[in-house]
Amino acid sequence: MFKILSKRRLNATMTWLVIDAPLVARKAKPGQFIILRTDEYGERIPLTMAGHDAEKGTIDLIYAAVGRTTMLMDQLEEGDYLLDVVGPLGKPTHMEGLKRVAVVGGGTGNALAYPLATGMHKEGIHVDMIAGFKNKDMVILEDEFKAGTDRLFLTTDDGSYGEKGFTTDKLKELIEAGNEYDEIVAVGPPIMMKFVCKIAEEYGIPSVASLTAYMIDGTGMCGGCRCVIGGENKFVCVDGPEFDGSLVDWDELIRRNSFYKEQEQEDAKHICRLTGGVRYHD
């Protein structure tokens with residue numbers, strides 16, 4: 001059992017949890033993830049660790065309540081427990097030889113970009129963080145990004161906060177202004193990452209995409225997180241989650257990630273108003 005030590009709302013849909021998980025925290029590195037279950041009847045879902053503290057034995061999880069398990073997690077409070085937390089899984093973020101990078105996060109993907117950007121910054125890498133959101137109400141982690149990176153550029157689609165425009169617009173602006181990046185890291189919706197990586201390729205800059213996928217076991221056995229990288233089948237859980245952005249088959253990834261959208265929408269309609277839980281179908 002893994003105790004929830006703190007719970008903080010970031011916006012209407014996103015929450016930050018601190019979990020007591022000393023064995024995971026001892027081995028965790030930026031870019032890695034865990035797989036959890038809320039209870040013995042729950043499904044297994046992957047979540048990137050937003051941070052960890054080896055001395056305190058804690059890990060940080062940021063999630064958006066959009067699916068069955070995350071909606072159940074949203075009913076839990078400080079002092080409650082998660083049944084399973086397995087990790088750390090996946091390969092850590094590659095940092096060797098990097099001196100200056102741009103990290104581009106989109107929407108809820110900024111929760112995943114946070115540990116990558118701040119982890120690189122802690123290793124002495126200059127990090128320009130470009131965080132994009134739909135509007136002001138969706139903005140998260142602004143203060144944390146400011147404290148944990150060298151420069152933060154915040155954009156909103158409608159201009160209600162920060163600079164009006166898309167993350168790709170700001171990225172091109174920074175490159176054309178003479179900023180020389182060793183690498184561009186994209187984290188967010190696949191369609192956004194696709195265009196970020198295309199811009200990187202256009203300017204001859206290496207790109208890395210942090211992919212998310214449906215998983216069950218997290219060890220490469222189930223095949224649920226299969227993706228196509230450079231014409232070869234890879235698994236996000238063991239080969240990733242970070243890949244060369246220029247080699248990702250983005251159209252295939254987008255198709256696979258849309259498989260369960262209808263089920264997630266159906267789950268969202270079945271919140272039990274009496275218990276606060278989710279009604280499961282027989």
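Residues numbered from 1 in each chain as written. Predicted model: local features only at pLDDT ≥ 70, side-chain atom pairs only at ≥ 80, totals over all residues. Heavy atoms only, no water.

### Details of the packing of helix H6 (residues 190-202) against helix H8 (residues 250-257)
No. 1: Taken N-terminus to C-terminus, the directions of H6 and H8 make an angle of 170°; their axes are 10 Å apart at the nearest point. Of the possible angle classes, the one that applies to H6 and H8 is roughly antiparallel. Every residue of H8 that contacts H6 at Pro190, Ile191, Met193, Lys194 and Cys197 is listed here: Trp250, Asp251, Leu253, Ile254 and Asn257.
No. 2: Split into classes, the residues belonging to the contact of H6 with H8 amount to seven nonpolar, one polar and two charged. (Axes fitted to C-alpha atoms, helices over the stretch in contact; angles between N-to-C directions. Helix = DSSP H or I, 4+ residues; strand = E, 2+ residues; numbered from the N terminus. Parallel < 35°, antiparallel > 145°, perpendicular 65-115°, else oblique. Contact = heavy atoms within 4.5 Å. Nonpolar A, V, L, I, M, F, W, Y, C, P; charged D, E, K, R; others polar.)

### As for the pattern of salt bridges
No. 1: Taken as a whole and judged by the stated rule, the model has 12 salt bridges.
No. 2: Connected through shared salt-bridge partners, Arg100, Asp128 and Arg151 make up one network. (Salt bridge = Lys/Arg side-chain N within 4 Å of Asp/Glu carboxyl O.)

### With respect to the environment of Leu112
No. 1: Positionally, Leu112 belongs in helix H3 (residues 110-122).
No. 2: Since its relative accessible area comes to 16%, Leu112 is described here as buried.
No. 3: Sequence spacing of Leu112 and Thr48 is 64 residues, and the spatial spacing of their C-alpha atoms is 6.2 Å.
No. 4: Beyond its immediate sequence surroundings of up to four residues, Leu112 is in contact with Thr48, Val187 and Thr212. (Buried < 20%, exposed > 50% of the residue type's maximum accessible area, 1.4 Å probe, protein only.)

### Concerning the confidence of the model for the protein
No. 1: Confidence in the prediction for the protein averages 89 pLDDT; 91% of positions are at 70 or higher.
No. 2: Across residues 272-282, where pLDDT falls below 50, the model places 16 contacts with residues more than four positions away in sequence or in other chains. (pLDDT = per-residue confidence, 0-100.)

### Looking at the sheet that holds strand S16 (residues 242-244)
No. 1: A sheet is described by the order of its strands in space; here seven strands give the open sequence S11-S10-S9-S8-S12-S13-S16, paired in mixed fashion. Of all the strands in the sheet, just strand S11 (163-164) and S16 have a single pairing partner and so form its edges.
No. 2: For strand S13 (residues 207-210) and S16, the ladder comprises three bridges, and the chain directions are antiparallel. The residue bridging Val208 from the neighbouring strand is Asp244, located in S16.
No. 3: Along the sheet, H3 makes contact with strand S8 (100-106), strand S9 (126-133), strand S12 (183-187), S13 and S16, crossing S9 at roughly 170°. (Pairing = 2+ DSSP bridges.)

### Here we look at the pairing of strand S14 (residues 226-229)
Regular strands show a simple pattern: their side chains alternate between the two faces of the sheet.
No. 1: The pairing of S14 with strand S15 (residues 232-235) spans four bridges and is classified as antiparallel. Paired with Arg226 across the two strands is Phe235, which belongs to S15.
No. 2: Here S14 folds back onto S15, and the loop between the two strands holds two residues, one of which, Gly230, carries a positive phi near 60°.

### Regarding the sheet that holds strand S4 (residues 45-53)
No. 1: Strand order in the open sheet formed by seven strands is S6-S1-S2-S5-S4-S3-S7, and the pairing between neighbours is antiparallel. The open sheet has two edge strands with one neighbour each: strand S6 (81-82) and strand S7 (84-89).
No. 2: On the sheet, H3 packs against strand S2 (14-20), S4 and strand S5 (58-64) and is oriented at approximately 40° with respect to S4.

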